[in-house]
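Structural overview for review
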Amino acid sequence: MVQAVERKKKEQEIVRKPSIYSMELDQLKSWLVENGEKPFRAEQIYKWLYEQRVAEFDEMSNLSKALREKLTESFSLTTLETIIQQTSKDGTIKFLFQLQDGYSIETVLMRHEYGNSICVTTQVGCRIGCTFCASTLGGLKRNLEAGEIVEQVVKVQKALDESGERVSHLVIMGIGEPFDNYDAMMSFLRTINHDKGLNIGARHITVSTSGIIPKIYKFADEKLQINFAVSLHAPNNEIRSKLMPINKAYKLPDLMDAIRYYVDKTGRRVTFEYGLFGSGVNDQVEHAEELADLIGDLKCHVNLIPVNYVPERDFVRTEKDQIFEFERTLKKRGINVTIRREQGSDIDAACGQLRAKERKEETR
Ligand code: SAH
């Protein structure tokens with residue numbers, strides 16, 4: 001009993017402290033000034049965080065002891081604990097991180113010819129409810145703080161440091177709906193993109209949404225160089241509503257208007273993710289033709305995803321020949337299309353297979 005109370009108290013103390021990685025450079029400068037310190041210390045701290053990647057505030061040896069103590073009192077330097085790090089046959093690495101409140105999240109590192117790409121998580125669970133996806137099975141537990149997203153990249157980069165490699169690309173396609181945690185996502189983007197932060201180029205970053213329309217307009221107005229993807233998965237409103245309940249609130253015609261606004265406003269193309277579900281759900285030539293009618297006049301790219309197996313879901317995978325036929329049909333209509341290479345499927349790290357695990361009971 002006493003132990004439980006103590007633990008609870010300790011937890012509350014921990015929870016009160018924000019992650020230092022949630023502090024954007026300017027915010028850190030203001031915090032320092034408010035605490036009677038010189039603003040240039042922010043750059044020094046950033047170097048320790050993002051270049052040296054230290055594990056303790058006490059390692060920040062060019063700061064005064066008093067400042068290190070103040071930092072320790074005010075912030076957490078570690079909010080993620082690596083529980084599992086698993087490498088797939090193809091080199092994909094899946095990380096299971098435990099958060100301070102006992103929840104856990106997954107992050108994946110993928111190997112490509114063009115570099116190492118990390119797939120980050122933005123929420124514990126998800127409330128979007130897509131009928132084919134594992135991440136949404138337990139609903140949404142909570143949003144991640146910006147720093148908890150940043151720290152995923154720092155942790156994975158640290159794991160790569162041993163072999164002298166670098167995380168060069170980033171996709172916000174892990175657990176959660178990034179546009180449902182918009183402010184934290186934007187803060188995360190500013191920090192990892194910052195040349196004094198992790199310095200990952202905007203053109204190397206992709207954010208994907210299930211289609212939260214108001215946030216698509218907002219994102220378009222930010223006029224960033226970041227790549228933008230929409231999980232479309234259907235050539236018409238009816239099929240999309242069956243696959244993705246969010247389509248009932250944010251209907252396909254309105255979604256297309258928002259996407260057009262994005263393309264007009266930014267001059268950038270949009271990527272459509274289209275999962276191919278077998279048994280004729282959305283994978284027939286007629287669906288490809290209908291899709292071409294829907295998006296043909298847009299500056300876009302289609303990424304076909306052979307659907308991944310999720311035990312709780314009963315979707316079947318489209319046969320290879322049918323996938324190629326779908327691709328050919330789109331190509332004939334002049335649409336830019338690729339088939340997503342599958343990675344990490346032997347360690348359940350592929351699209352739609354990530355799940356937030358409730359580990360409270362297991363770990364206490
Ligand atoms: N919530 C955002 C970010 C997740 S990205 C979004 O929906 O875009 C993950 C991608 O994998 C999405 O395109 C999602 O629709 C897709 N996906 C989910 N479950 C899948 C499955 N079982 N097989 C293949 N792709 C899946």
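Nothing here was measured: the structure is a model prediction, and the numbers come from that model. (Residues numbered from 1 in each chain as written. Predicted model: local features only at pLDDT ≥ 70, side-chain atom pairs only at ≥ 80, totals over all residues.)

**Concerning the overall build of the protein chain**
Per the secondary structure count, the protein chain includes 13 helices and 12 strands. Computed over C-alpha atoms, the radius of gyration of the protein chain comes to 22 Å, within 12% of the 21 Å expected from 2.2 N^0.38 for 364 residues, which places it in the range of a compact globule. Considering only C-alpha atoms, the protein chain reaches an extent of 70 × 50 × 40 Å along its principal axes. Per-residue burial for the protein chain yields a buried fraction of 42% across its 364 residues. For the protein chain, the proportion of contacts with a sequence separation of at least 24, taken over those separated by at least 6, is 67%. (Helix = DSSP H or I, 4+ residues; strand = E, 2+ residues; numbered from the N terminus. Rg over C-alpha atoms; globule rule 2.2 N^0.38 Å. Buried ≥ 20, exposed ≤ 12 C-beta atoms within 10 Å, placed from the backbone. Contact = placed C-beta atoms within 7 Å.)

**Overview of the domain arrangement of the protein chain**
You can read the domains of the protein chain as domain 1 (2–74) and domain 2 (81–362). Relative to domain 2, the C-alpha centre of domain 1 lies at a distance of 32 Å. At the interface, 14 residues of domain 1 touch 18 residues of domain 2. Of all the elements in the fold, those that place two or more residues in the side of domain 1 that touches domain 2 are α1 (2–16) and α3 (41–52). The residue makeup of the side of domain 1 that touches domain 2, split by class, is eight nonpolar, two polar and four charged. (Domains from an automatic or database assignment. Nonpolar A, V, L, I, M, F, W, Y, C, P; charged D, E, K, R; others polar.)

**Focus: the pairing of strand β10 (residues 270–276)**
The buried count for β10 comes to six of seven residues, which makes it a mostly enclosed element. Inspection of the sheet shows β10 paired to strand β11 (residues 300–306) by seven bridges, in the parallel sense. When the sheet's bridge partners are listed, T271 is paired in β11 with H301. Handedness of the β10-helix α11 (residues 285–295)-β11 crossover: right-handed. (Pairing = 2+ DSSP bridges. Right-handed = clockwise from strand over helix to strand, strands pointing away.)

**Here we look at the packing of helix α7 (residues 213–222) against helix α10 (residues 252–266)**
Viewed as axis vectors pointing N to C, α7 and α10 meet at an angle of 5°, and their least axial separation amounts to 9 Å. One finds that α7 runs roughly parallel with respect to α10. Where α7 abuts α10, its residues I213, I216, Y217, A220 and D221 lie against D254, L255, A258, I259, Y261, Y262, K265 and T266. Split into classes, the residues belonging to the contact of α7 with α10 amount to nine nonpolar, one polar and three charged. (Axes fitted to C-alpha atoms, helices over the stretch in contact; angles between N-to-C directions. Parallel < 35°, antiparallel > 145°, perpendicular 65-115°, else oblique.)

**Side note on the nonpolar core**
One finds I118, V150, V153, L170, F188 and I192 to be the most contacted residues of the largest nonpolar core, which totals 95 residues. Looking at which element gives the most residues to this core, the answer is helix α5 (residues 146–161), with six residues. Mapped onto the domain boundaries, this core takes at least three residues apiece from domain 1 (2–74) and domain 2 (81–362). Not counting residues up to four positions away in its chain, the partners in contact with I118 are T107, L109, V153, V156, V167 and L170. (Core = buried A, V, L, I, M, F, W, Y, C linked by C-beta atoms within 7 Å.)

**A closer look at the UniProt feature "binding site: [4Fe-4S] cluster" (unreviewed entry) in the protein chain**
As recorded in UniProt, the sites labelled "binding site: [4Fe-4S] cluster" (unreviewed entry) are C126, C130 and C133. Counting through the fold element by element, C126 comes out in the loop between β5 (123–125) and β6 (140–143). The buried category is assigned to C126, around which 26 C-beta atoms lie within 10 Å. If we ignore the near neighbours within four places in the chain, the residues touching C126 are S135, T136, L140, I175, G176 and E177. Within the secondary structure layout, C130 lies in the loop between β5 and β6. For C130, the contacting residues outside a window of four places in its chain are T136, S210, L243 and M244. (UniProt positions renumbered as here; feature names shortened; annotations may be inferred.)

**Let's talk about the UniProt feature "active site" (unreviewed entry) in the protein chain**
This chain's UniProt record puts "active site" (unreviewed entry) on E106 and C351. Their sequence span is 246 residues, while the largest C-alpha to C-alpha distance among them is just 11.9 Å; these annotated residues converge on one region. With respect to the helices, strands and loops of the structure, E106 is situated in strand β3 (residues 104–112). What makes E106 buried here is the crowd of 23 C-beta atoms within 10 Å. The contacts of E106, once residues within four sequence positions are left out, are K94, F95, L96, T121, G174, I175 and L354. Judged by C-beta crowding, with 26 C-beta atoms within 10 Å, C351 ranks as buried.

**Considerations on the site of the ligand**
The full set close to the ligand counts 18 residues, and C133, M173, S210, S231 and G352 are the nearest of them. Classifying every residue of the shell around the ligand by side-chain character gives nine nonpolar, seven polar and two charged. (Near = placed C-beta within 6 Å.)

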